[in-house]
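Survey of secondary and tertiary structure
Now for the letters of each chain:
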Amino acid sequence: MHSTYNRISTILSHASTALMVLLGLVAATSYLTLPSAEPGTVDVKTVQVYQERYRPNEVAWVRFDLDADLRSLWTWNTKQVFAYLVVDYHDAPNSTLSANEPGADGAIVEGRKAENSIVAWDRIIRRQRDGRLRIEGGRNKYPLKAVGKKFFGAEPFRARLMYNVQPWVGLLTYGEAGATKNVLEWPKAQSAMQ
Amino acid sequence: MDILNNVQRSVQRVIEGKIDFTAQKHAETATYAILSLTTVLSFLAGYIAQDLRFSLAVFGISLLALLLALVPPWPYLNAHPVPWRAPVPTSTSASPSSKTD
């Protein structure tokens, strides 16, 4: 501490440690006092499955209603919230995926049903006042491609509204803010209009 | 040239910023104490205000204040100069060569 340079160096180096401790405290408290969203409602109105010519995988389009309030997720350490709608289903046991390959002794092994989660729609919510989601007749942003080539025959699906809280400092956290009340059946594919 | 030399010397003295031994000890203790206290206070302030930016502002302003208080060689940091022993008069000290500074 005898010279100017020495004092600047000592103060700033201790300050950087103190800043890290401060940010660690912020991250720890916001992780321990993590808010959760009240479950909203998710309704899938219609499902249409198309088989496009020369494309191996079926593609599904859904229309859905969303009503959820994510405003409670904002705290002093919330930067933005990523909300996304996930469609979950199990593949049919004899789908074209490799679940049904012959075992070591040549016998057909009872296939495990591949579990799929496809993101159908998402939204980045930057401000708390935009956290009230009310969507009627929304359409999926991304086409739902059948992982096992076909939806028909796969197990019924459900849709879940998930969120991902992105803090200023700290850990990413995930949560669920609603799901469809009952499972829905996949319809047979129509051939797509060219 | 004499004026220039004087200016250069005083500028150098301010930049180098030597402070006395007591102040050095106190400055170090103050740095650790104030920065630790600042961390806790800025966390509490931000938590109560529910505003992370406010928390960081409290921390930054405290840091700037600490730098301003301790870095320049203020007169209060030189309030305890080391007492030097009075010069011992000898016969050689009266020679003219040692008088030129």
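Reading the values: rules and limits
- Residues numbered from 1 in each chain as written.
- Chains lettered and ligands numbered in written order.
- Predicted model: local features only at pLDDT ≥ 70, side-chain atom pairs only at ≥ 80, totals over all residues.
- Heavy atoms only, no water.
- Patch = residues over 30% accessible without salt bridge, like charges linked within 9 Å, V, L, I, M, F, W, Y side chains within 5 Å.
- Areas by Shrake-Rupley, 256 points an atom, 1.4 Å probe, with all protein chains shown as cover.
- Salt bridge = Lys/Arg side-chain N within 4 Å of Asp/Glu carboxyl O.
- Helix = DSSP H or I, 4+ residues; strand = E, 2+ residues; numbered from the N terminus.
- Contact = heavy atoms within 4.5 Å.
- Buried area = accessible area lost by both parts, 1.4 Å probe.
- Polar contact = N/O pair within 3.5 Å; in protein donor to acceptor, adjacent residues only side chain to side chain.
- UniProt positions renumbered as here; feature names shortened; annotations may be inferred.
- Domains from an automatic or database assignment.
- Nonpolar A, V, L, I, M, F, W, Y, C, P; charged D, E, K, R; others polar.
- Buried < 20%, exposed > 50% of the residue type's maximum accessible area, 1.4 Å probe, protein only.

On the surface, a cluster of nonpolar side chains totalling about 600 Å² of accessible area is made up of Leu37(B), Val40(B), Leu41(B), Leu44(B), Tyr47(B) and Ile48(B). Mapped onto the elements, Leu37(B) comes out in helix H2 (residues 21–49).

Further remarks concern the interface of chain B and chain A. Note on interface size: it is often stated as the accessible area lost on association of the parts. Contacts between the two partners involve 31 residues from chain B, matched on the other side by 25 residues from chain A. Regarding the contact of chain B and chain A, the summed buried area is about 2300 Å², with carbon and sulfur atoms giving 76% of it. A per-residue breakdown of the area chain B buries against chain A is headed by Phe43(B), Leu52(B) and Val71(B), which together make up 27% of the total. For the interface between chain B and chain A, the tally reads 0 salt bridges. Summed over the shared surface of chain B and chain A, the number is 5 residue pairs in polar contact (both at pLDDT 80 or more). Elements with a contribution of two residues or more to the side of chain B that touches chain A: helix H1 (2–16), H2 and helix H3 (52–70) of chain B.

All names here are of chain B. Under the present numbering, the feature "transmembrane region" (unreviewed entry) in UniProt falls on residues 30–49 and 56–77. Here residues 30–49 is 100% helix and 0% strand, with 27 Å between the C-alpha atoms at its ends. Measuring from the first to the last C-alpha atom of residues 56–77 gives 29 Å, for a span that is 68% helix and 0% strand.

For the rest of this paragraph, the subject is the domain arrangement of chain A. Residue and element names in this part refer to chain A. Taken domain by domain, chain A consists of domain 1 (1–33) and domain 2 (35–192). Contact between domain 1 and domain 2 buries roughly 550 Å² in total, counting both sides, with carbon and sulfur atoms accounting for 78%. Of all residues in domain 1, Val26, Ser30 and Tyr31 bury the most surface against domain 2, accounting for 61% of the area lost on that side. Here domain 1 and domain 2 share 1 residue pair in polar contact (both at pLDDT 80 or more) between them. In terms of residue class, the side of domain 1 that touches domain 2 is made up of 4 nonpolar, 2 polar and no charged.

Turning next to the pattern of salt bridges. Residues and elements named next belong to chain A. On inspection of all chains with the given rule, the structure shows 10 salt bridges over all chains. Between Lys141 and Asp122 there is a salt bridge, and its shortest N-O distance comes to 2.6 Å. Taken together, the residues Lys141 in the loop between strand S5 (132–139) and strand S6 (144–145) and Asp122 in strand S4 (residues 115–125) connect sequence positions 19 residues apart. What makes Asp122 buried here is its relative accessible area of 12%. Linking Arg160 and Glu176 is a salt bridge whose minimum nitrogen-to-oxygen distance equals 3.5 Å.

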